[in-house]
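What follows is the residue order along each chain.
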Amino acid sequence: FASINSAFMKQGIMIRVGRDKQIEVPLQILNISSGGESGPVMTVPRAYIHLEPLSELKLIVKYVGDGGNYFVNSVQDIVIEDNATFTHIQIEADSTDAWHFSKNRVCLKRDSRYLGYQTTNGTRLVRNHNEVWLSEPGAEMELNGVSVLEEDEQSHHLVRVHHEVENCISHQYFKNIINDRARASFDGTVVVNKGAQLTNSDQLINNLMLSDEGHADCKPNLMIFADDVKCAHGATVGQLDEDQLFYLKTRGLSESVAKEILTQSFARSIVQKIPFEPVVKELDQTLLKKLEANNG
């Protein structure tokens, strides 16, 4: 689908931050899509982001929909040079009657940092593909994601992290809240190539099931070809803790309010990691608002 994006792309956005420049105010790319009466409409947003050495940028990429019956097929190519830091916030808030595919390709140079945050509202089908190359020593990547799904919504994450050299760090932390007949999956592979000694990498995926009809698939993978590394991965699938529910109800809360508090706390642990307060407040009123409706 990234190749299809290239075939149909007529224009895009390029952001280049010069050497030793720090952009203090976050930038935002807002993608607004709408469908057609005669049939589905495909849009192919494309962005190229390049941070030169010692630079810094915070970028919010948001996808929203006017109506439904459309397909977003997005690609973002990101190059982060020596000692640069890129904070990347991606918000999927499309119409429920839409499809959304995105691919992010990130190349990290010496002592650079990539901080990624992805939130998913859920549509007919969401598929986020992240591919990251830590290509020089000292590179560091952190990728966080949260999905709140209900009815027949779907969200799927495919992650590939390539540790190509020594002394690099990668962290992945994803949470899914699944209600009704919704489906979520995570397929993440960390490849530690030969010679990539002193690698530090971990993956953790937590799924909270609010119904018996929901579905969650988790497949964290490690492919290690070096012998001096620190790598870990894990996944959980579970329901709300009955003891925690009981505790809140003994404090005078109704069962629906107790469930709302616990589910929102589960998602908020990711949302509050986003280093930009206006985005956190917006997600409290949109993404986390779905949990009020689910348990009200």
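Above: the structure in question.
Caption draft 1: Quick look at the packing of aromatic side chains. For the coordinates displayed, the defined rule picks out five aromatic pairs. Note on Phe1 and Phe71: the rings are 6.0 Å apart at their centroids and 90° apart in plane angle, and the pair reads as edge-to-face. You can see Phe1 sitting in the segment before helix H1 (2-8) and its partner Phe71 sitting in strand E6 (residues 70-80), a full 70 residues away along the chain. What makes Phe1 exposed here is its relative accessible area of 53%. Site record: aromatic cluster; members linked through ring pairs are Phe1, Phe71 and Phe101. Taking the ring centre of Phe266 as reference, the NZ or CZ of Lys175 above it sits at 4.4 Å.

Caption draft 2: Structural detail: the environment of Lys273. Locating Lys273 in the fold gives a position in the loop between helix H3 (255-271) and helix H4 (277-285). The partly exposed category is assigned to Lys273, whose relative accessible area is 35%. Distance from Lys273 to Val64, taken between C-alpha atoms, is 22 Å for residues 209 residues apart in sequence. Those residues within four positions of Lys273 in sequence are excluded, and the remaining contacts are Tyr117, Glu142 and Asn144. Within the structure, the side chain of Lys273 is placed 3.5 Å from the side chain of Glu142, a separation counted as a polar contact.

Caption draft 3: Representation of the state of the cysteines within the structure. Here the structure, examined in full by the defined rule, presents zero disulfides. Summary of cysteine pairing: Cys218 is not part of a disulfide, and the nearest cysteine sulfur, belonging to Cys231, is at 19 Å.

Reading the values: the criteria
- Residues numbered from 1 in each chain as written.
- Predicted model: local features only at pLDDT ≥ 70, side-chain atom pairs only at ≥ 80, totals over all residues.
- Heavy atoms only, no water.
- Phe/Tyr/Trp six-rings, centres within 6.5 Å; stacked < 30°, edge-to-face > 60°.
- Helix = DSSP H or I, 4+ residues; strand = E, 2+ residues; numbered from the N terminus.
- Buried < 20%, exposed > 50% of the residue type's maximum accessible area, 1.4 Å probe, protein only.
- Lys NZ or Arg CZ within 6 Å of the ring centre and 35° of its normal.
- Contact = heavy atoms within 4.5 Å.
- Polar contact = N/O pair within 3.5 Å; in protein donor to acceptor, adjacent residues only side chain to side chain.
- Disulfide = S-S within 2.5 Å.

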